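# Observations on chain architecture
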Amino acid sequence: MSWIFRASLIVLALALAWPAAGPVTAGPAVPSLFPLVLNAEWTRKNDDNSLSTSKVTGPKTIGTVRCVVIERKFTFQGRERVERNCYLATATEVVLIETTSQRGEPQTLKPPRTLLKLPPKAGQTWSWSPEDPGVDLKITSKWIGEETLKVGAGQFQAWKIETITTGEDLDIKAYTWYAPGAGTIRNERNGHRGERKISGWTELVSYKIP
């Protein structure tokens, strides 16, 4: 496995420790928890006071799978970056099919990563690892329960999820809240990559669902 591919997976793990893209549509069991409507937009504030925007840009076919792309624009090290994630949503799960590599190129996940199990159920857990045995990476998620949370965009009754990412000198615990009709409203993360500490938060300040 090339070092570039390995590095891309590490970057992916770091990105997935918090909501790099906007929320996606769930199936009929939870019709509004992850709104996915063409031209829907979300603006989020980061702990460094920078803003990121996410927008549903439309469907895409990857192999035989038809998923929906959410484009995120943000600033990293003084430069504007664009990240695109493509999701498949059903009544029982939300799956990440394709993301953006470290080089800014489309990268198909093998296997696809289950981002959320639906409908949410406190205590339910699931995990994902890349099929390449040379990559030491594991992402484990767990539904914690419902909480009332106030963020810049308002006050919401939201479902909280815990995500733990380990491997490749990486250990990060993140909490993300998902609210009906708004999607991802807040994320908090804490951990380290090697000797480098990783911490911060991101929260929703405004959104528009056409």
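All values derive from a computational prediction rather than experimental measurement.

## Some thoughts on the sheet that holds strand S5 (residues 93–100)
- Read from one edge of the open sheet, 12 strands run S6-S5-S4-S3-S2-S1-S12-S11-S10-S9-S8-S7, paired in antiparallel fashion. The sheet is open, and its two edges are formed by strand S6 (106–117) and strand S7 (125–128), each paired on a single side. Neighbouring strand axes in the sheet, compared pairwise and without regard to direction, differ in orientation by 25 degrees on average.
- Of the strand pairs in this sheet, strand S11 (residues 183–193) and strand S12 (residues 196–208) are connected by 8 bridges, and their pairing is antiparallel. Of the residues in S12, the one forming a bridge with Arg-193 is Arg-196.

## Description of unusual backbone geometry
- For the bond running from Lys-110 to Pro-111, omega is -5 degrees, close enough to zero to count as cis.
- Along the polypeptide, Pro-111 turns up in strand S6.
- Put simply, Leu-118 and Pro-119 share a cis peptide bond, and its omega is -10 degrees.
- One can find Pro-119 in the loop between S6 and S7.
- A positive phi is found at Glu-168, a non-glycine position, where the angle reads about 50 degrees.
- Turning to its location among the elements, Glu-168 is positioned in the loop between strand S9 (154–167) and strand S10 (170–179).
- In this structure Glu-168 comes out as partly exposed when scored by relative accessible area, which is 23%.

So, how was this worked out
Residues numbered from 1 in each chain as written. Predicted model: local features only at pLDDT ≥ 70, side-chain atom pairs only at ≥ 80, totals over all residues. Heavy atoms only, no water. Pairing = 2+ DSSP bridges. Helix = DSSP H or I, 4+ residues; strand = E, 2+ residues; numbered from the N terminus. Axes fitted to C-alpha atoms, helices over the stretch in contact; angles between N-to-C directions. Buried < 20%, exposed > 50% of the residue type's maximum accessible area, 1.4 Å probe, protein only.

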